[in-house]
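# Structural description and commentary
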Amino acid sequence: MISKASKRVKFDCHPIFSKWAKPNIYGSGKLFEFIKDSSKLQHRSTGPALLTYNPSYFREVCMRVDKLVQPKNLTYKRHIIDMPDGGKVGVDEISNDEELPKSDYPSLLYCTGGADHSYTARSKVRANWFLGAGYPSVFIVNRRCCGRVQQYSPQITVPYGKYNDLPDIVDYLVDIIPERKWILIGSCFGAQNVLDYFSQSSSNRCEVLGGIVDSFQFNGKMFLDGHYTSRVPFFQNSRKLILNVFVDAALNHAVNKTVYDQVSELVDRSKFKNINLTDKSAVKLVNEELICKMCPDAPFSTQEEYYAMTSPYYDENHKNFLSIQKPLVLVYAQDDPFSSFDLEMIEILKENPNLCLWLYPGGGHIIFTERLIPYSCYLKDVYLENAELLVRKQWEL
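Residues numbered from 1 in each chain as written. Predicted model: local features only at pLDDT ≥ 70, side-chain atom pairs only at ≥ 80, totals over all residues. Heavy atoms only, no water.

What follows deals with the overall build of the protein. Scanning the protein from N- to C-terminus turns up 13 helices and 11 strands. In the protein, 77% of the contacts between residues at least 6 apart in sequence involve partners at least 24 apart. As displayed, the protein has an accessible area near 16,800 Å², and 51% of this comes from carbon and sulfur atoms. (Helix = DSSP H or I, 4+ residues; strand = E, 2+ residues; numbered from the N terminus. Contact = heavy atoms within 4.5 Å. Areas by Shrake-Rupley, 256 points an atom, 1.4 Å probe, with all protein chains shown as cover.)

Next up, the structure:
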C-alpha cells in the first residue's frame, strides 16, 4: 500500500536534475509477472534526465539530434481512409527495404505526440527502431482535428476533437492485410487515443496483440489544476511551450486554404494578439476559445469537460483504463512536466490485470534521454523489449 505521505503529490515537476535510477514496475496480472520474470531492462539504470523535465529548453536540442540521426532510406505509402462521419484520415505505411522483416512479427500502428506527424524526424527515428528489429512495417496515423476541419495530411496535428478514429483505422488495416497481427503504440496525445481505443469493446479482437504507451496524461484534473496553481519556473516554461503548440497549430499551421478558412470561421484570432502564454489566464483562453470552438461537434463546452473526456482518469467516476481487455504497457517519467502523475493511481491501476506500469523517476516528456554524447534514448529498448514480449507471449496473455 502507498503511505499517506506518498499520496500527497504536488503537480510540479522536479526542480533538480533527475538521478540515475532503475524503473519501478507495477501491475497485478500475467503481463506484470512475465515482465518481472524475464525483463533485463528492469535491472538497468538509466542516465540522468538532465534538462528533459524542462523541454522548453531541451526539446530543441533533442529535435536537432533527431534530425541528424533520422533514417534516409524509409519508404512511404499513403492510405486515405474514409470515416463513417464523412471525414478522412491519412495513415502512412512506412517500410525499409534494407531491413529483412521477420515473417511472424506483427506490424505497428503508431499514434504520435501532438507536435509530430508521420514525416517529422522523431516519427522516422521511432519507426526505424521497429523496422530495424524485424517488424515488417509501421503505420503512422496523421490525426484530424474535428468534423468541420477535415485533415488527412500533416497540417494540424494537435487533437482537439472527440474523434478517436483508431477503431475504424484498425478495421481498415485488418481488411487490407487480413493475415497480419498488430501492436498499437502511442506517445503523449497519441497515447490518449490508444488508451481510449483499448477501453472500447471493439479492441478485443484476435488481430490486436496489445499496446505500449508513453508520456500520457494520466490524471486530467490534476493536470488542469496544475496549470492554474504551479509557480515553479520550470513548469511555467513548459506551460508556455505546450500552449504555444496549440495556438501555433490552430492559427498558423493550416497550410491548406480551405482548412485555414474553416479555422478562421470558428476562432476569434484577435483574442490571441500579444497573448502572454506564461500567464495562467492564457490556459482558459486556449482551452475554451481554441479547444471548444475547434470542436463544434464535440460533447463539451468547458475545459473541465474536455479533460474529463480525454484523460484515462479524471475523477472517481472516470476510470476508462480499468475496462481495458488487452495487455497494455504504460511507460512514464515522474518528472514529466506536461503529464502529471498521481501516485494514488498505482493502486487503482492494479485493479486491471492487463496493465503494467514502468515508472521512471526521470525521463521528462517523451525524451527519456540515456546519454547526451553520443545521444541515445532508453525508450527504444523499453519499447522493443515489451513489443517482443507481446509477440512471444501472445497465446498466454
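Glancing now at the packing of aromatic side chains. Both the distance between ring centres and the angle between the ring planes are used here to describe each pair of aromatic rings. This structure, assessed with the given rule, holds 11 aromatic pairs. Look at Y105 and Y135: their rings are 4.5 Å apart centre to centre, the planes differ by 45°, and that puts the pair in the tilted class. Here Y135 lies in the loop between α4 (121-132) and β5 (138-142) and Y105 lies in the loop between β3 (88-95) and β4 (107-111), a separation of 30 residues in the sequence. Pair check on accessibility: Y105 and Y135 agree, each one buried. With centroids separated by 5.6 Å and ring planes inclined at 85°, the aromatic side chains of F368 and Y378 adopt a geometry described as edge-to-face. Here F368, found in the loop between β9 (355-360) and β10 (369-371), pairs with Y378, found in the loop between β11 (376-377) and α13 (379-392); they are 10 residues apart in sequence, far enough to count as distant. An identical accessibility class is assigned to F368 and Y378; each is buried. Each member of the aromatic cluster is reached from another via a ring pair, and the members are Y105, W129, F130, Y135 and Y383. Of note, K393 hangs over the ring of F34, and the distance from its end group to the ring centre comes to 4.5 Å. (Phe/Tyr/Trp six-rings, centres within 6.5 Å; stacked < 30°, edge-to-face > 60°. Buried < 20%, exposed > 50% of the residue type's maximum accessible area, 1.4 Å probe, protein only. Lys NZ or Arg CZ within 6 Å of the ring centre and 35° of its normal.)

What follows is about the sheet that holds β5. What the 9 strands build is an open sheet, ordered β1-β9-β8-β7-β6-β4-β5-β3-β2; its pairing is mixed. Each having just a single partner strand, β1 (24-27) and β2 (75-82) make up the two edges of the open sheet. Strand-to-strand twist in this sheet, taken as the mean axis angle between neighbours without regard to direction, amounts to 20°. Relative to β9, β1 runs antiparallel, the two being bridged by 4 bridges. Looking at the pairing, G27 lines up with C356 of β9. Together, β4, β6 (182-187), β7 (208-214) and β8 (328-333) form the strand contacts of helix α6 (residues 189-198), whose direction differs from that of β6 by roughly 135°. (Pairing = 2+ DSSP bridges. Axes fitted to C-alpha atoms, helices over the stretch in contact; angles between N-to-C directions.)

Further remarks concern the side chain of K124. Structurally, K124 can be placed in helix α4. Despite its burial, K124 pairs with no opposite charge, the nearest such side chain being D92 at 10 Å. When sequence neighbours within four positions are dropped, the list of residues in contact with K124 reads Q70, P71, L74, Y76, S118 and Y119. (Lys, Arg positive; Asp, Glu negative; His and termini not counted. Salt bridge = Lys/Arg side-chain N within 4 Å of Asp/Glu carboxyl O.)

Before going further, it helps to spend a moment on unusual backbone geometry. With phi around 55°, S215 is a residue other than glycine that occupies positive phi space. Residue placement: S215 occurs in the loop between β7 and α7 (220-229). Assessed through its relative accessible area of 1%, S215 is described here as buried.

Attention now moves to the pattern of salt bridges. Within the structure shown, the criterion is met by 8 salt bridges. One salt bridge in this structure joins R392 and E388, with 3.1 Å as the shortest N-O distance. Placement of the pair is R392 and E388 together in helix α13, with a separation of 4 residues, close to one helical turn. R392 sits in the partly exposed class, given a relative accessible area of 41%. E396 is the salt-bridge partner of K393, the closest N and O atoms lying 3.7 Å from each other. Assessed through its relative accessible area of 18%, K393 is described here as buried. Taking the relative accessible area as the measure of exposure, E396 reaches 39% and is therefore partly exposed. One salt-bridge network, in which partners are shared between bridges, spans D171, R205 and E207.

Residues of helix α5 (residues 166-176) that are buried: L166, P167, I169, V170, L173 and V174. End-on view of α5: buried residues confined to an arc of 160°, all on one side of the axis. (Arc of directions from axis to C-beta.)

The subject of this paragraph is the nonpolar core. Counting residues in each nonpolar core, the largest one holds 40 residues, and the members touching the most others are F130, V331 and W358. The dominant element in this core, judged by the number of residues it contributes, is α13, at 8 residues. By size, the runner-up hydrophobic cluster in this structure holds 38 residues, among which are V170, V174, L184 and L349. (Core = buried A, V, L, I, M, F, W, Y, C linked by side-chain atoms within 4.5 Å.)

The next thing to look at is α6. Every α-helix carries 3.6 residues per turn, so stepping three or four residues along brings you back to the same face. Most of α6 is tucked away: 9 of the 10 residues are buried. Taken as a whole, α6 has its buried residues at F189, G190, A191, Q192, N193, V194, L195, Y197 and F198.

Here α5 crosses α6 at 75°, and the two axes come no closer than 10 Å. When the interaxial angle is binned, α5 and α6 end up roughly perpendicular. Residue-level contacts link L166, P167 and V170 of α5 to N193, V194 and Y197 of α6. Classifying every residue of the contact of α5 with α6 gives 5 nonpolar, 1 polar and no charged. (Parallel < 35°, antiparallel > 145°, perpendicular 65-115°, else oblique. Nonpolar A, V, L, I, M, F, W, Y, C, P; charged D, E, K, R; others polar.)

Between helix α2 (residues 30-38) and α13, the least distance of the axes is 11 Å, while the angle of their chain directions is 120°. The angle between the axes of α2 and α13 places the two elements in the oblique class. The way α2 lies across α13 gives a crossing that is right-handed. Judged by residue contacts, L31, F34, I35 and S38 of α2 engage N386, L389, L390 and R392 from α13. Split by residue class, the contact of α2 with α13 holds 5 nonpolar, 2 polar and 1 charged. (Left-handed = near helix turned anticlockwise from the far one by under 90°.)

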